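# Examining the three-dimensional arrangement
The chain contents come next:
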Amino acid sequence: ERVREILAQVEQRGDNRLGVEAMELFDAYGIPTPEGEVVDDPTAAAEVAARIDGDVVMKIVSPGILHKSDIGGVRVGVSADDVADTYEDLVSRAKSYQPDARILGVQVQEMLDLDEGVETIVGSHRDPQFGPLVMFGLGGVFVEVLEDTTFRLAPVAAGEAEQMTADIDAAPLLRGARGRTPVDLAATVDAIRRVSQLVADFPSIVELDVNPLVATPDGVRAVDLRLTVD
Ligand code: ADP
Ligand code: MG
């Protein structure tokens, strides 16, 4: 089906890594993603932003740029009036950072409320001995610094996935520490299960990271993804 097609396309292209293209894999597996689109000119960017409620987030889309925020390739809270200028700015930053970068365009995305939400990470890699593992933890740009993660063999059952959300040090954040509204744990558990099923179903996916999977009281959204196929 669709997933197989996308993975085959990647193979044909000779790339073994994919980013926003993988959003479609997630649609196929019922993992919610934010509203948004990838566009390749400023006018189209403004049109997409006009269809989205409130401010938007804009991100450079280039196969050579894996950590977008490291090069100033992510702009949060862009108002409709600034979308076209921000498009040009993101592209010129990317070019000065990497003159030979193949820039595919800019992703215009619905902005999620991180005051209400928690940035989590759901990841996977293939262990040579045990096969696909699924990882869950506290996400965001500081994920390597915080190292608050837990692993299981994929695919995981609901009970196991639920246990994962309880295992991490940041578990109280999810459950609503300090008067915060708890995040939608059922949706979080469901997303972990679905990611674990995706990597179990497709052995060619050797590595996958959803970072962040933003968990809010109303559900979850896979905001950024990256995967490697062999
Ligand atoms: P990268 O990991 O390549 O730097 P991300 O897409 O993960 O790029 O964006 C970096 C950070 O920007 C996220 O961890 C999050 O804090 C913020 N961010 C990205 N997209 C959104 C969004 N749609 N709504 C709110 N915050 C976002
Ligand atoms: Mg990220």
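Look a little higher up for the structure.
For the structure given in this document, a descriptive report is provided here. All of these numbers come straight from a predicted model, not from anything done at the bench. (Residues numbered from 1 in each chain as written. Chains lettered and ligands numbered in written order. Predicted model: local features only at pLDDT ≥ 70, side-chain atom pairs only at ≥ 80, totals over all residues. Heavy atoms only, no water.)

### What to know about the packing of helix α3 (residues 42-51) against helix α4 (residues 83-97)
At a closest axis distance of 8 Å, the pairing of α3 and α4 adopts a crossing angle of 130°. Here α4 runs oblique to α3, going by the angle between their axes. When you trace α3 past α4, the crossing you get is right-handed. Between α3, through P42, A45, A46 and A49, and α4, the contact on the second element is made entirely by V83, A84, Y87 and E88. Of the residues belonging to the contact of α3 with α4, the class tally is seven nonpolar, no polar and one charged. (Axes fitted to C-alpha atoms, helices over the stretch in contact; angles between N-to-C directions. Helix = DSSP H or I, 4+ residues; strand = E, 2+ residues; numbered from the N terminus. Parallel < 35°, antiparallel > 145°, perpendicular 65-115°, else oblique. Left-handed = near helix turned anticlockwise from the far one by under 90°. Contact = heavy atoms within 4.5 Å. Nonpolar A, V, L, I, M, F, W, Y, C, P; charged D, E, K, R; others polar.)

### Some points on the coordination of the magnesium ion (ligand 2)
Taken together, N211 (O) and D224 (OD) make up the protein donors of the magnesium ion (ligand 2), found 2.1 to 2.2 Å from the metal. Of this pair, N211 sits in strand β9 (residues 205-216) while D224 is found in the loop between β10 (219-222) and β11 (225-229), placing the two residues 13 residues apart along the sequence. Judged by relative accessible area, which is 11%, N211 ranks as buried. (Donors = N, O, S within 2.8 Å, 3.2 Å for Na, K, Ca; no water. Buried < 20%, exposed > 50% of the residue type's maximum accessible area, 1.4 Å probe, protein only.)

### Here's the deal with unusual backbone geometry
Following A154, the chain continues to P155 via a peptide bond in cis, the omega torsion being -5°. Of note, the amide linkage connecting N211 to P212 takes the cis form, showing an omega dihedral of 5°. Here P212 is to be found in strand β9. Positive phi outside glycine occurs at E147, with the angle close to 45°. Within the secondary structure, E147 is located in the loop between α5 (143-146) and β8 (149-153). On the accessibility criterion, E147 (63% relative accessible area) is exposed. For R178, which is not glycine, the phi torsion reads 55° and is therefore positive.

### Points about empty space enclosed by the protein
Using the criterion set out here, one finds one cavity of 30 Å³ or more in the structure. Looking at the largest cavity, its volume works out to about 280 Å³. Along the wall of the largest cavity there are 22 residues; nearest its centre are L18, G19, V20, S62 and I65. Every element with two or more residues in the lining of the largest cavity is listed here: β1 (17-18), β3 (56-61) and β11. (1 Å grid on protein atoms, 1.4 Å probe; cavity = no way out; pocket = protein on both sides within 12 Å on 5 of 7 lines; lining within 4 Å. Points joined across faces, edges and corners; volume = space filled by probe spheres on them.)

### Here we look at a negative patch on the surface
Together, D55, D81, D82, D85 and E88 give the surface a local cluster of negative charge. Inspection of the secondary structure assignment puts D85 in helix α4. (Patch = residues over 30% accessible without salt bridge, like charges linked within 9 Å, V, L, I, M, F, W, Y side chains within 5 Å. Areas by Shrake-Rupley, 256 points an atom, 1.4 Å probe, with all protein chains shown as cover. Salt bridge = Lys/Arg side-chain N within 4 Å of Asp/Glu carboxyl O. Lys, Arg positive; Asp, Glu negative; His and termini not counted. Charge placed at Lys NZ, Arg CZ, Asp CG, Glu CD.)

### Quick notes on the nonpolar core
Membership of the largest hydrophobic core comes to 43 residues, with the highest contact counts inside it found for F26, I205, L208 and V210. The dominant element in this core, judged by the number of residues it contributes, is helix α8 (residues 185-201), at seven residues. In contact with L208, other than residues within four places in its own chain, are F26, V122, G123, S124, V195, L198, V199, R226 and L227. Residues V39, Y87, V106 and V108 belong to the second largest nonpolar core, which totals 19 residues. (Core = buried A, V, L, I, M, F, W, Y, C linked by side-chain atoms within 4.5 Å.)

### Here's the deal with α8
What sets the pattern is the α-helix's 3.6 residues per turn: residues three or four places apart point alike. Compared with an ideal rise of 1.5 Å per residue, which puts 17 residues at 24 Å, α8 spans 24 Å between its outermost C-alpha atoms and is within 8% of the ideal. Of the positions making up α8, those classed as buried are A187, T188, V189, A191, I192, V195, S196, L198 and V199. (Expected span 1.5 Å × (residues − 1).)

### Topic: the layout of surface pockets
When its volume is computed, the largest pocket comes out at roughly 910 Å³. Taken together, 38 residues line the largest pocket, and the ones lying closest to its centre are G140, V141, N211, P212 and D224. Among the secondary structure elements, those contributing two or more residues to the lining of the largest pocket are β3, β4 (74-78), β5 (105-110), β6 (118-127), α5, β8, β9 and β11. Sort the elements by how many residues they give to the lining of the largest pocket and β9 lands first, with six residues. Class assignment for the residues of the lining of the largest pocket results in 17 nonpolar, nine polar and twelve charged.

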